[in-house]
Amino acid sequence: MKAMLINRCGGVDVFEEATLTRPHPGPNEVRIRVMATSVNPIDCKIRAGAVPLSPAFPALLQGDVAGIVDAVGDGVSAFAEGDAVFGLIGGLRSHQGALAEYVLADARLLARKPDALDMVEAAALPVVALTAWEGLIERARVSPGQSVLVQGGAGGVGHIVVQIARAAGCRVTATVSGKEKGRLARRLGADEVVYYRDEPVAAYVARLTGGRGFDVVFDSVGGASLDASFAAAAPGGQVVAIAARSTHDLSPVHGKGLTLSVVFSLSPFVHGGPLARVGERLARIAQLADAGLLRPHIDPHAFTLAQVADAHRLVESGGAEGKVVVRVGV
């Protein structure tokens, strides 16, 4: 089988094409014939060595996957040969990723692919949807009628947050940088759009909430945006952050009695944890997709397995217009 490996961390040139023996599933594993895998910013950081999470070299990166179960190991009862699945299988630490024609995966990290999505769309979902789900549903516990502000509402995670919040019956506001992203956010379900470069926080909080603030703020950007999120939250409100490797004045959090939750969807792979929760969450996410309430926005560029370096280059450039997907078997 063909694979794209790295033998060291570095720039996009570290990817090497290799021919490997097709792996055999062990206990509680399945072998997947990979149809597609998507690139997330964390994949680029792992490849570059910016975060020390690479699997052992030679390493297969990228955890997002969609494909067909090709073989089943002992102890697996949830899946059978021929099942279409999607999942977050690793791409870090002791779990190799999806940049190969066939990969092994712990069956607990998978769910059945939503019928409403094709393989490319399904491969784009796991990391971003798991992040959005944990932050909104499990941490913030959003409920119908709440006001939700999504910082970076047209981004990879943000555009999924908009849809899940909308599906939960919330009133959704998305911050975006420009008109095209504003149109995308509205198309995905945002009730209101804020052009953050043009409107200060105090102004849109006054305009949209009467000065009270938002019940829940989901910050997918970090940095100065997280400070803006503290300012935009209502007293007693909740702020969910997914980019919090920075220093902030927590006075507004204290003064308003805010709850701050930091979500890192890869934590079970890094620190250990119940891997079964990954598959369980994905099954719930698949239900939303099949109900017509969730669909990822896909960048129009098409990359093959051999072109994964170009896919990483596009993600790192900031020029992607949606999730970047590497097509393997489609």
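Residues numbered from 1 in each chain as written. Predicted model: local features only at pLDDT ≥ 70, side-chain atom pairs only at ≥ 80, totals over all residues. Heavy atoms only, no water.

A. Structural context of the overall build of the protein chain. A tally of helices and strands in the protein chain yields eleven helices and 15 strands. A compact globule built from 330 residues would reach a C-alpha radius of gyration of about 20 Å, and the protein chain, at 20 Å, matches this within 12%. Principal-axis analysis of the C-alpha atoms places the extent of the protein chain at approximately 60 × 40 × 35 Å. Scored against the burial criterion, the 330 residues of the protein chain give a buried share of 56%. Once local pairs closer than 6 in sequence are excluded, the contacts in the protein chain between residues at least 24 apart make up 65%. Counting every atom, the protein chain has about 13500 Å² of accessible surface; 50% of that belongs to carbon and sulfur. With 32 positive and 32 negative side-chain charges, the protein chain shows a separation of 4 Å between the mean positions of the two kinds. (Helix = DSSP H or I, 4+ residues; strand = E, 2+ residues; numbered from the N terminus. Rg over C-alpha atoms; globule rule 2.2 N^0.38 Å. Buried < 20%, exposed > 50% of the residue type's maximum accessible area, 1.4 Å probe, protein only. Contact = heavy atoms within 4.5 Å. Areas by Shrake-Rupley, 256 points an atom, 1.4 Å probe, with all protein chains shown as cover. Lys, Arg positive; Asp, Glu negative; His and termini not counted. Charge placed at Lys NZ, Arg CZ, Asp CG, Glu CD.)

B. Seen up close, the UniProt feature "domain: Enoyl reductase (ER)" (unreviewed entry) in the protein chain. UniProt annotation of "domain: Enoyl reductase (ER)" (unreviewed entry) refers to residues 10-326 when read in the numbering used here. Its end C-alpha atoms 20 Å apart, residues 10-326 is made of 32% helix and 24% strand. (UniProt positions renumbered as here; feature names shortened; annotations may be inferred.)

C. The environment of Glu 280, seen in detail. With respect to the helices and strands, the residue Glu 280 is situated in helix 10 (residues 276-290). Residue Glu 280 is classed as exposed on the basis of its relative accessible area, which comes to 51%. For the pair formed by Glu 280 and Arg 108, sequence separation is 172 residues and the distance between their alpha carbons is 8.1 Å.

D. Structural view of the side chain of His 248. Assignment of secondary structure puts His 248 in the loop between strand 12 (233-241) and helix 8 (251-256). Exposure remark for His 248: the relative accessible area of 19% places this residue in the buried category. For His 248, the side chain forms a polar contact with the side chain of Ser 246, separated by 2.6 Å. (Polar contact = N/O pair within 3.5 Å; in protein donor to acceptor, adjacent residues only side chain to side chain.)

E. Layout of the pattern of salt bridges. Taken as a whole and judged by the stated rule, the model has 16 salt bridges. Glu 199 is the salt-bridge partner of Arg 207, the closest N and O atoms lying 2.9 Å from each other. Between Asp 310 and Arg 313 there is a salt bridge; the shortest N-O distance is 2.6 Å. With Asp 310 and Arg 313 both in helix 11 (residues 308-317) and three residues apart, the pair spans about one turn of that helix. With a relative accessible area of 43%, Arg 313 lands in the partly exposed category. Each of Glu 134, Glu 138, Arg 139, Arg 277 and Arg 281 takes part in a single network of salt bridges with overlapping partners. (Salt bridge = Lys/Arg side-chain N within 4 Å of Asp/Glu carboxyl O.)

F. Summary view of the pairing of strand 1 (residues 2-6). For strand 1, the tally of buried residues reaches four of five residues, placing the bulk of the element in the interior. Pairing of strand 1 with strand 2 (residues 15-19) involves five bridges; the strand directions are antiparallel. Residue pairing across strands places Ile 6 opposite Phe 15, the latter belonging to strand 2. (Pairing = 2+ DSSP bridges.)

G. Structural detail: the domain arrangement of the protein chain. When the domains of the protein chain are assigned, the result is domain 1 (2-126 + 272-327) and domain 2 (140-262). Facing the nine residues of domain 1 at the interface are nine residues of domain 2. Surface buried jointly by domain 1 and domain 2 totals about 740 Å² across both partners, of which 70% is contributed by carbon and sulfur atoms. When the area that domain 1 buries against domain 2 is broken down by residue, the three leading residues are Leu 293, Leu 294 and His 297, summing to 47%. Taken together, the connections running from domain 1 to domain 2 amount to zero salt bridges. On the surface where domain 1 and domain 2 come into contact, there are two residue pairs in polar contact (both at pLDDT 80 or more). By residue class, the composition of the side of domain 1 that touches domain 2 is five nonpolar, one polar and three charged. (Domains from an automatic or database assignment. Buried area = accessible area lost by both parts, 1.4 Å probe. Nonpolar A, V, L, I, M, F, W, Y, C, P; charged D, E, K, R; others polar.)

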